[in-house]
Amino acid sequence: MAFTVADYTVFVLLLVLSSAIGLFYALSGGRQRTVQEFLLANRSMSFLPVALSLLATFQSAVAILGVPAEIYRFGTEYWFLGCCYFLGLLIPAHVFIPVFYRLHLTSTYEYLELRFNKAVRVCGTVTFIFQMVIYMGVVLYAPALALNAVTQFDLWGAVLTMGLVCTLYTTLGGLKAVIWTDVFQTLVMFAGQLAVIVVGTVKVGGMGRVWQLAADQGKISGIDLNPDPFERHTFWTLAVGGVFMMLSLYGVNQAQVQRYLSSRTEREAVLSCYAVFPCQQVVLCLSCLTGLVMFAYYREHPLTAAQSQASSDQLVLYFVMDVLKDLPGLPGLFVACLFSGSLSTISSAFNSLATVTMEDLIHPYFPGLQESRATLLSKLLALSYGLLCLGMAYLSSMMGPMLQAAISIFGMVGGPLLGLFCLGMFFPCANPTGAIAGLAAGLAMAFWIGIGSLVSNLRAAPSVPALSNSTDFPQASSLTTAIATTLLTSTPAPAPKRLSGLQKFYSLSYMWYSAHNSSTVILVGLLVSLLTGPTKGATVNPRTIYPVLPRLLCCLPQRYRERLSCGVGCSAEDGSWEEDGSCEEPVPCALEKTSNGMLNGPVGGLAPVEEAEGEGFARVEGAHTYILQETSL
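For every chain, the first residue of its written sequence is number 1, and the numbers climb from 1 along that sequence. For a predicted model such as this one, the threshold for reporting local features is a pLDDT of at least 70, and the threshold for listing and counting side-chain atom pairs is 80 or more; totals across whole chains, interfaces and linings nevertheless cover every residue. By convention in this description, side-chain values take in all heavy atoms of the structure and omit both hydrogens and water.

(A) Seen up close, the overall build of the protein. Each helix and strand counted, the protein has 22 helices and two strands in total. Type-normalised accessible area, obtained with a 1.4 Å probe on protein chains alone, sets the label of each residue: buried when under 20%, exposed when over 50%, and partly exposed for intermediate values. Across the 633 residues that make up the protein, the buried fraction comes to 58%. Residue burial considers only the protein chains on display, and all accessible areas are found by Shrake-Rupley using a 1.4 Å probe. For the protein, the accessible area works out to roughly 23,800 Å², and carbon and sulfur atoms hold 66% of it. Numbered from the N terminus, helices here are DSSP runs of H or I no shorter than four residues, and strands are runs of E no shorter than two.

(B) Focus on the nonpolar core. Ranked by internal contacts, the top residues of the largest apolar core, which has 157 residues, are Phe96, Phe100, Tyr111, Phe319 and Phe339. In terms of residue count, helix 8 (residues 155–204) provides more of this core than any other element does, 18 residues in total. Between two residues, a contact is recorded if the distance between any of their heavy atoms is within 4.5 Å. With sequence-adjacent residues up to four places away left out, Phe319 is seen in contact with Val196, Thr290, Val293, Met294, Tyr297 and Tyr298. Nonpolar cores were defined as sets of buried Ala, Val, Leu, Ile, Met, Phe, Trp, Tyr and Cys residues, with membership established by side-chain atoms within 4.5 Å. Within the second largest apolar cluster, nine residues are counted, among which are Phe38, Ala354, Met358 and Ala374.

(C) Spotlight on the packing of aromatic side chains. Between rings of Phe, Tyr and Trp, where Trp is taken as its six-membered ring, a pair exists when centres lie within 6.5 Å; planes separated by under 30 degrees are stacked, by over 60 edge-to-face, and by other angles tilted. All told, the structure shown has 19 aromatic pairs when counted by the stated rule. Here Phe80 and Phe235 contribute two aromatic rings whose centre-to-centre distance is 6.1 Å and whose plane-to-plane angle is 75°, an arrangement assigned as edge-to-face. Within this pair, whereas Phe80 is found in the loop between helix 4 (61–74) and helix 5 (85–102), its partner Phe235 is found in helix 10 (residues 235–250), the two being separated by 155 residues in sequence. With respect to burial, Phe80 and Phe235 carry one shared label: buried. Between the aromatic rings of Phe100 and Phe421, the centroid separation amounts to 5.9 Å while the plane-to-plane angle is 85°, which identifies the pairing as edge-to-face. A residue pair is termed long-range when its members are at least 10 positions apart, and Phe100 in helix 5 and Phe421 in helix 17 (residues 402–426) qualify at 321 residues.

(D) Structural detail: helix 9 (residues 207–216). Looking only at helix 9, the buried set comprises Val210, Leu213 and Ala214. The buried residues of helix 9 all sit within an arc of 100° when viewed along its axis, so they share a single face. Of the exposed residues in helix 9, the ones pointing more than 90 degrees away from its buried face are Gly208 and Asp216. Tucked into the core, helix 9 has its buried residues touching helix 8 and helix 12 (266–300). Of the residues trailing helix 9, Gly218 is marked for its positive phi of about 75°. Directions from the helix axis toward the C-beta atoms define the arc.

(E) Inspection of the pattern of salt bridges at higher detail. Any carboxyl oxygen of Asp or Glu that lies within 4 Å of a side-chain nitrogen of Lys or Arg is treated as forming a salt bridge with it. Per the stated rule, a full pass over the model turns up seven salt bridges. Of the charged contacts, one joins Arg121 and Glu113 as a salt bridge, the two residues approaching to 2.4 Å between their closest N and O atoms. Judged by relative accessible area, which is 26%, Glu113 ranks as partly exposed. Through salt bridges with shared partners, a single network forms among Glu113, Arg121 and Asp360.

(F) Expanded view of helix 4. One less than the number of residues in a helix, times 1.5 Å, gives the span that helix is expected to have. Taking 1.5 Å of rise per residue, 14 residues should cover 20 Å, and helix 4 covers 20 Å from first to last C-alpha, within 8% of that figure. Counting buried positions along helix 4 yields 13 of 14 residues, so the element is predominantly enclosed. Residue Gly75 follows helix 4 closely and has a positive phi angle near 95°.

(G) Up close: the packing of helix 5 against helix 10. Axis geometry follows a simple rule: fit a line to the C-alpha atoms, using only the stretch in contact for helices, then measure angles between N-to-C directions, giving values from 0 to 180 degrees. Where helix 5 meets helix 10, the axes come as close as 8 Å, and the angle between the chain directions of the two elements is 40°. Relative to helix 10, the element helix 5 is oriented oblique. Two packed elements cross with a definite hand, and for helix 5 against helix 10 that hand is right-handed. Only Val243, Met246, Leu247 and Tyr250 of helix 10 make contact with helix 5, whose side of the interface consists of Tyr85, Leu87, Gly88, Leu89, Ile91, Pro92 and Phe96. Three categories are distinguished: nonpolar for Ala, Val, Leu, Ile, Met, Phe, Trp, Tyr, Cys and Pro, charged for Asp, Glu, Lys and Arg, and polar for the others, with Gly belonging to the last. Taken together, the residues that form the contact of helix 5 with helix 10 break down as ten nonpolar, one polar and no charged. Note on terminology: angles under 35 degrees are roughly parallel, angles over 145 are roughly antiparallel, angles of 65 to 115 are roughly perpendicular, and the others are oblique. The hand of a helix crossing depends on one turn: near helix anticlockwise from the far one by less than a right angle means left-handed, and clockwise means right-handed.

(H) Quick look at unusual backbone geometry. Positioned with a positive phi, Ala41 is a non-glycine residue whose angle comes to about 55°. Secondary-structure assignment places Ala41 in the loop between helix 2 (35–40) and helix 3 (47–58). Positive phi, normally seen in glycine, also occurs at Asn42, with a value near 60°. By secondary structure assignment, the location of Asn42 is in the loop between helix 2 and helix 3. The exposure class of Asn42 is partly exposed, given its relative accessible area of 35%.

(I) Highlighting the environment of Phe153. Mapped onto the elements of the fold, Phe153 is located in the loop between helix 7 (118–151) and helix 8. In this structure, the C-alpha to C-alpha distance between Phe153 and Phe3, residues 150 residues apart in sequence, is 7.8 Å. When sequence neighbours within four positions are dropped, the list of residues in contact with Phe153 reads Phe3, Tyr8, Phe11, Leu147, Asn148 and Ala158.

(J) Just the side chain of Thr170, in detail. Summarising the element assignment, Thr170 is placed in helix 8. Owing to a relative accessible area of 1%, Thr170 belongs among the buried residues under this scheme. Polar contacts here mean pairs of N or O atoms no more than 3.5 Å apart (in protein, one a potential hydrogen donor and the other a potential acceptor; neighbouring residues in sequence count only if both atoms are side-chain atoms). Separated by 2.7 Å, the side chain of Thr170 and the backbone oxygen of Cys166 make a polar contact. If we skip the residues at most four places from it in the chain, Thr170 touches Phe38, Val178, Ser347, Phe350 and Asn351.

(K) Quick look at the packing of helix 8 against helix 12. Interaxial distance between helix 8 and helix 12 falls to 9 Å at its minimum, and their mutual angle equals 35°. In the crossing of helix 8 with helix 12, the sense of the turn from one axis to the other is left-handed. Facing helix 8, whose interface residues are Phe190, Gln193, Leu194, Val196, Ile197, Gly200, Thr201, Lys203 and Val204, helix 12 presents Val282, Val283, Leu286, Ser287, Leu289, Thr290, Val293, Ala296 and Tyr297. Tallied by class, the residues present in the contact of helix 8 with helix 12 amount to twelve nonpolar, five polar and one charged.

Below you can see the structure in the form of structure tokens.
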């Protein structure tokens, strides 16, 4: 089907308005003249735009195609993923955000140096850069390839236009432009999906008819309480395994944490995490309803010969074109919806990569870098990563079957990084050697399972197109949990064969990858730490520790809670332990960051401020606004 002038007009409007937002923030306010403004939006954002930006980063173009394809093929069981959203956002709101926010970080990996040492920080940073560089080109190329196959929409014209527009507004407008374009693009995504659902439902005969056709064909799934981790989707796989996937995304991923840190107060950051919860439920419902309507539509209107040979993601686009072909402009709206997902994801990648490169690999080695030069360098880094994205998109076009491996590599890294942060935050005895060994073991385990599963499925593909637990796009959970369902094979799954040995191991459900790999990091890290000499609690900065056991067992007497804290003083927000489970006022921590990325101290730190009795001292503009109370001696 060819696009009309109205369709192209809607698509061009998306690009023009996105660019205009970037130009507006480049020419207004502080005009992106400081690192603080460019990378953290001057820590001035309110919770609602931050929440919508968090949602947009989560909702990539691959997810917009992947989730309806999953529902179309396998039914509504994937819908139970929504059960994991509650804990997957509650834990970051009350565990990770307070720790990161009160340390005044810019890069998430600065935490690893404060908790362990610089070597661990560099290892975490390099792992993240490797993860994102591989992924960002694929997330731009894959949807364009699917769109080209269905609509003859120019492939490289779309890739180059989207890549350059995204690079433009990210480089000029900084994080504030990225967040506000995410807000606009989220609304476009909602509009595009709603248009497809409404028009498709009307053509089928109403939502009641959609539900009836799906139920008659067994597509409405009940609750499967099978605890077997080798089953692809069960309630426990989605609701429990999904929590770890959510934590790797919303707990420790730089692209998301950077948005929390851009909030004007810690309370706004926590509220943004809460606000994402209902938005995610709405997005999941829209995607699942799209899949159900698509299934009902093709029960009433049989597939053509070309459509029956299409892959699942292409079938979603065929459905959109079939449903909206008589309504000029609406196919263009869905294309805008699709590429809004790509724009929001890759702009987050550019900005977060520029941030970690600047803060973790340049600032520590050039502490005297002038603010103006640091800002210019940050913009050049964003520009460079944008151009690199286009290069990676070109490499993606040459990968062929290896494209699946590239996506797999992205998904394999989220779990080990989550394990590394949990090891540091929850286990005071962990030392730097244990952290590096644990990360290496976690990555090795992740690559072993992921690549082994992929190779095993490719070998089985020619003869037995068996249903893959890891799917063709396995668990790219660090930017979107839904990407794992993309590009599923279009053939029906036969009865599964009984597997044993490594084949059984490789059949582990992709939803458990994050839990398995993060647990490997923690167990190996603790074991190596105990063998090489655990860190003494008195030497650990209490602001880098979340006392999970003393909090959970707050009813125990004080002496037992102190033992559970492994000799670490009460964390910065707590102070020292009291009989009722509360804490005395904390001592301000010396390892606190200013807006220029360096540690506070007599040189280059905060200027002295006058102190009122009992009120401690407030941070200057550009840093957080909460008050640190000084301990009464």
